[in-house]
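The chain contents come next:
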Amino acid sequence: MSNTRVARLGELIRTHHPCVVLTGAGISTESGIPDFRSPTGIWAQYDPMEYATISAFRRDPVKVWEFYALRFEVLTRAQPNAGHLALAELERRGLVRAVVTQNIDALHDRAGSQDVVEVHGSIRSASCLACGTRVPLEDVVAALESTPAPPCPQCGEILKPDVVMFGELLPVDAIDRASALAREAGVLLVVGSTLEVYPVAAVPEETLAAGGSLAIVNRGSTPYDRRAVICIDGSAGETLAGLAEALC
Ligand code: NAD
């Protein structure tokens with residue numbers, strides 16, 4: 001990690017209010033949750049067309065739950081890391097307005113961030129597509145101990161996790177809020193995302209079109225690197241902890 005770049009990022013945030021943060025799977029790898037598109041990511045093991053689309057779920061929900069049961073085990077054990085904690089701290093100090101996240105792990109919330117926009121849903125609940133009943137995470141986890149796919153307590157249909165699968169629309173309120181925040185941002189700080197999955201991949205475009213600046217902390221490249229004022233190719237946890245210190 002370059003201290004000079006972190007200091008420059010700190011300066012950018014100090015001088016370009018407000019700072020809005022957009023996070024992806026890369027902020028949670030240091031909590032032990034694999035990302036999607038890295039060589040060790042989830043899609044290296046599982047074909048997203050078979051496990052992550054709404055049509056796959058409708059075709060064979062039990063098979064899709066085999067995948068989610070494993071993910072839930074990892075996600076429910078994971079703890080917020082230095083990156084999540086630094087963002088919560090920067091929000092408390094008035095240096096970050098909000099976090100828009102593609103992650104479903106609820107770790108920003110658990111780290112203490114107050115204004116979190118979850119554009120891909122979360123594991124906090126699962127719902128019945130037949131009768132609309134919503135079931136909290138603890139009940140889903142309890143059901144998974146005795147069955148491969150949790151049934152709806154009202155009608156017995158298999159529940160669907162309240163996360164956005166490929167082929168589904170994003171929750172309108174969340175994506176509208178993400179767009180509004182991106183347009184207002186003096187600086188949009190992207191952390192741990194390949195910026196390849198739309199519509200969220202278009203969010204930085206909104207900041208740039210409205211005259212805001214873009215900064216990126218990510219291992220590896222993104223399609224926006226050349227338009228960013230600062231790119232830091234390094235650990236999200238280490239970089240954000242360094243940033244919180246630089247902004248003391
Ligand atoms: P991604 O895997 O595409 O990108 C993660 C990026 O973070 C990579 O560039 C990686 O190199 C980087 N990275 C990994 N560890 C890092 C670290 N410690 N520090 C800094 N960078 C690190 O993930 P994404 O961009 O979040 O993917 C987009 C979204 O697509 C996902 O968040 C997910 O919500 C969504 N999605 C969901 C499903 C589903 O199952 N419902 C399916 C597909 C995609």
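As the structure is a prediction and not an experimental result, all values here were calculated from the model.

(A) View of the overall build of the protein. Scanning the protein from N- to C-terminus turns up 11 helices and 9 strands. For 248 residues, the compact-globule estimate of 2.2 N^0.38 gives 18 Å, and the C-alpha radius of gyration of the protein, at 18 Å, lies within 12% of that figure. With the C-alpha coordinates of the protein rotated into their principal frame, the extents come out at 55 × 35 × 30 Å. Counting only contacts in the protein whose residues sit at least 6 apart along the sequence, the fraction spanning at least 24 positions is 67%. Averaging the positions of the 21 positive and the 30 negative side-chain charges in the protein gives two centres separated by 5 Å.

(B) Seen up close, the site of the ligand. Residues in close proximity to the ligand total 27 residues, the closest being E30, R37, F166, T194 and R219. Between the ligand and R37, the relevant distance is 2.6 Å, taken from an oxygen atom to a side-chain nitrogen or oxygen of the residue. For the ligand, the protein covers 95% of the area, taking 850 Å² as the surface of the free molecule. Among the cavities detected, the one that contains the ligand is the largest pocket. Counting residues domain by domain, the shell around the ligand receives three or more from each of domain 1 (1–33 + 81–120 + 170–248) and domain 2 (37–77 + 123–163).

(C) Highlighting the sheet that holds strand β2 (residues 98–101). The 6 strands lie next to each other as β3-β2-β1-β7-β8-β9, forming an open sheet whose pairing is parallel. Each edge of the sheet is formed by a strand with only one pairing partner; in this case those strands are β3 (116–118) and β9 (230–232). The mean angle between the axes of side-by-side strands here comes to 20 degrees, regardless of whether they run parallel or antiparallel. When strand β1 (residues 19–23) meets strand β7 (residues 187–191), the two strands line up parallel, connected through 5 bridges. Within the sheet, the bridge partner assigned to V21 lies in β7 and is L189. Seen against the sheet, helix α9 (residues 172–184) touches β1, β2 and β3 and runs at an angle of roughly 130 degrees to β3. Against the sheet, helix α11 (residues 236–246) engages β7, β8 (213–217) and β9, with an angle of about 145 degrees to β7.

Thresholds, definitions, all that
- Residues numbered from 1 in each chain as written.
- Predicted model: local features only at pLDDT ≥ 70, side-chain atom pairs only at ≥ 80, totals over all residues.
- Heavy atoms only, no water.
- Helix = DSSP H or I, 4+ residues; strand = E, 2+ residues; numbered from the N terminus.
- Rg over C-alpha atoms; globule rule 2.2 N^0.38 Å.
- Contact = heavy atoms within 4.5 Å.
- Lys, Arg positive; Asp, Glu negative; His and termini not counted.
- Charge placed at Lys NZ, Arg CZ, Asp CG, Glu CD.
- Near = heavy atom within 4 Å.
- Polar contact = N/O pair within 3.5 Å; in protein donor to acceptor, adjacent residues only side chain to side chain.
- Areas by Shrake-Rupley, 256 points an atom, 1.4 Å probe, with all protein chains shown as cover.
- 1 Å grid on protein atoms, 1.4 Å probe; cavity = no way out; pocket = protein on both sides within 12 Å on 5 of 7 lines; lining within 4 Å.
- Sits in = over half its atoms within 2 Å of the grid points.
- Domains from an automatic or database assignment.
- Pairing = 2+ DSSP bridges.
- Axes fitted to C-alpha atoms, helices over the stretch in contact; angles between N-to-C directions.

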